[in-house]
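# Analysis of the macromolecular model
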Amino acid sequence: MEASMKDGFGLKYLYRFFNVPYLELQRQTLLAQLRRNEEDLEAIKVELDIHAKTEEQDYEKFKDMLERKKKGLPVSGGLCTVSAGANETAGLPGISLGHSH
């Protein structure tokens with residue numbers, strides 16, 4: 001490699017050469033973030049599958065609970081209750097709508 005500070009010859013090559021370690025580090029960091037993203041995505045899919053099989057996702061039971069509340073009848077346990085203005089997603093920790101953490 002030849003470079004001259006006098007007339008700038010080879011500086012473009014030198015800048016690119018010095019950029020290689022930074023690009024390698026950036027690549028390693030992005031790959032690690034991508035792996036973490038993949039793990040998080042798989043964990044969420046499992047949580048959603050489990051949650052989909054719970055009583056909380058039974059729309060008929062939910063409607064029945066709302067109707068019972070409307071009539072002032074006792075509501076059976078197990079279902080999450082909905083109050084006016086409730087924005088949090090039931091059963092999934094760390095996920096909320098309309099709130100900042």
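See the structure shown above.
Keep in mind it's a predicted model, so treat the numbers as computed, not measured.

The way to describe two aromatic rings as a pair is by their centre distance and the angle between their planes. Under the defined criterion, the tally for this structure stands at 1 aromatic pair. On the numbers, 5.7 Å between centres and 65° between planes, the contact of Phe17 with Phe18 is edge-to-face. Taking relative accessible area as the criterion, Phe17 reaches 47% and is therefore assigned partly exposed.

Scanning the entire structure with this criterion turns up 4 salt bridges. In this structure, Asp40 and Arg36 form a salt bridge, with 3.1 Å as the shortest nitrogen-oxygen distance. Here Asp40 pairs with Arg36, and both are found in helix H1 (residues 11–52), just 4 residues apart, close to one helical turn. Across the pair Lys63 and Glu60 runs a salt bridge whose closest N-O atoms are separated by 3.6 Å. Within this pair, Lys63 and its partner Glu60 are both found in helix H2 (residues 59–71), separated by 3 residues, close to a single helical turn. Classification of Lys63 by relative accessible area gives partly exposed; the value is 37%.

What counts as what
Residues numbered from 1 in each chain as written. Predicted model: local features only at pLDDT ≥ 70, side-chain atom pairs only at ≥ 80, totals over all residues. Heavy atoms only, no water. Phe/Tyr/Trp six-rings, centres within 6.5 Å; stacked < 30°, edge-to-face > 60°. Buried < 20%, exposed > 50% of the residue type's maximum accessible area, 1.4 Å probe, protein only. Salt bridge = Lys/Arg side-chain N within 4 Å of Asp/Glu carboxyl O. Helix = DSSP H or I, 4+ residues; strand = E, 2+ residues; numbered from the N terminus.

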